[in-house]
Every structure is written in C-alpha cells, then in structure tokens.
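# Residue-level structural notes
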Amino acid sequence: MNMRRFLAASCVGFSLIAAPALVLAVDDPMEMLPNPKDEARAEAIGSQLRCLVCQNESIEDSSAGLARDLRRVVREHVAKGENNQQIMDWMVNRYGNFIRLKPAFSFSTLLLWCMPVLALLLGLASAFIFYRRRAAAPPSPPPLTEEEKTRLAQLTKDKDNAP
C-alpha cells in the first residue's frame, strides 16, 4: 500500500515539474511580438504558409520545430518593417511555391486543375474512335459455296499426294 502511494505521489510530482516545460515547448512567449498589431499581422502571414513537415497545416497551427523556426523568421521580417508581399516573396524564393497553402494562379496550376477533365475527354475520344473504326471495319467474307468447297478439297488432296 505504501508503494502505491509513493508511485502516485511520484507521478503527480513529475507532472508538476514537467508541465511548465511542455507548455513552453508549445507556446513560446519569446516568439510573440510586443506590438499586438504586428503580432496579428505575423499570425495572418503565418496562416498562409504551409508547414513543410506537416504539409497540410499552416505554420501557425503546427507544433513542429521547423514551423516554430518559420514563425520566428516571419516575426523577424515583420519586426524589420517589411510588408506582407515582401515576406511572402522571401519565403517563396527560399522554399518554393509549395510553402504557400494557396498557391498563386499560374499556367502550371491551371494544368493541374484541368488534367482530370482533359484525361476524361481524351479517354472518351479514344473510345469513340475505337468503336467508330470497329463499326466501319469491312464485313467478313461470305461462306464458301459447294463448288468452292469441292475445289478446295481437290486442291488440298492433290497437295497431300504430292511427293
């Protein structure tokens, strides 16, 4: 019974010691900007950037180490006085267009969105052409007449008897 109390007290003590460290790991107070307006702007920019580890979360929503570093970089650029477009351009130049959660419209994104429709149309067109050619194929020859059958039998019989 004393052992159970000791284990329970140990677990509670460990939880009390570890809890502040875990909270600091998720929400780093050093990461936030002192000006609330700048902080809101940094969060808005961060919500448009993809976490390169999680890939379907913004860097503001992710708890990955790389996302934390990217949040810090965004806040540094905001603190320098750069505008939103300059910060986004810097991130895209550094990490590619993939870092944007909503990539800018371009010919490649248009192609990406149109590919399923183009593939469906290509499949339908090839099926149409295939069935058209099949329908237009020449009919099979008519069956042999009795006269042709006897002539064929003679020819094959002569061939079998040939030396």
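Residues numbered from 1 in each chain as written. Predicted model: local features only at pLDDT ≥ 70, side-chain atom pairs only at ≥ 80, totals over all residues. Heavy atoms only, no water.

With that settled, the discussion passes to the nonpolar core. Among the nonpolar cores identified, the biggest contains 16 residues, and Ile45, Leu49, Ile59, Val74, Val78 and Met91 are the most heavily contacted of them. For this core, the secondary-structure elements that each account for two or more residues are α2 (36–46), α3 (65–80) and α4 (84–95). Here this core gets five residues from one element, more than from any other, and that element is α3. (Core = buried A, V, L, I, M, F, W, Y, C linked by side-chain atoms within 4.5 Å. Buried < 20%, exposed > 50% of the residue type's maximum accessible area, 1.4 Å probe, protein only. Helix = DSSP H or I, 4+ residues; strand = E, 2+ residues; numbered from the N terminus.)

This paragraph deals with the packing of α3 against α4. Where α3 meets α4, the closest approach of the two axes is 10 Å, and the angle between their N-to-C directions is 140°. Of the possible angle classes, the one that applies to α3 and α4 is oblique. In this structure, α3 crosses over α4, and the sense of that crossing is right-handed. Counting all contacts with α3, which are made through Leu70, Val73, Val74, His77 and Val78, the residues of α4 involved are Ile87, Trp90, Met91 and Tyr95. In terms of residue class, the contact of α3 with α4 is made up of eight nonpolar, one polar and no charged. (Axes fitted to C-alpha atoms, helices over the stretch in contact; angles between N-to-C directions. Parallel < 35°, antiparallel > 145°, perpendicular 65-115°, else oblique. Left-handed = near helix turned anticlockwise from the far one by under 90°. Contact = heavy atoms within 4.5 Å. Nonpolar A, V, L, I, M, F, W, Y, C, P; charged D, E, K, R; others polar.)

Right, let's talk about the packing of aromatic side chains for a bit. Evaluated as defined, the whole model comprises one aromatic pair. Taking 5.2 Å as the distance between ring centres and 75° as the angle between the ring planes, the aromatic pair formed by Phe130 and Tyr131 counts as edge-to-face. Classification of Tyr131 as exposed rests on a relative accessible area of 52%. Between Arg50 and the ring centre of Phe98, over which it is positioned, the NZ or CZ distance is 4.5 Å. (Phe/Tyr/Trp six-rings, centres within 6.5 Å; stacked < 30°, edge-to-face > 60°. Lys NZ or Arg CZ within 6 Å of the ring centre and 35° of its normal.)

As annotated by UniProt and renumbered to match this structure, "transmembrane region" (unreviewed entry) occupies residues 110–131. Between the end C-alpha atoms of residues 110–131 there is a gap of 32 Å, over a span that is 100% helix and 0% strand. (UniProt positions renumbered as here; feature names shortened; annotations may be inferred.)

This part covers the pattern of salt bridges. Counted by the stated rule, this structure contains four salt bridges. Asp69 is the partner of Arg72 in a salt bridge, and the nearest nitrogen-oxygen pair spans 3.4 Å. Taken together, the residues Arg72 and Asp69, both in helix α3 and three residues apart, mark about one turn of the helix. Classification of Asp69 as partly exposed rests on a relative accessible area of 40%. A salt bridge links Lys149 to Glu146, with the nearest nitrogen and oxygen atoms 3.9 Å apart. Placement of both Lys149 and Glu146 in helix α6 (residues 146–161) is noted, with a separation of three residues, approximately one turn of the helix. Lys149 gets classed as partly exposed once you look at its relative accessible area, which sits at 43%. (Salt bridge = Lys/Arg side-chain N within 4 Å of Asp/Glu carboxyl O.)

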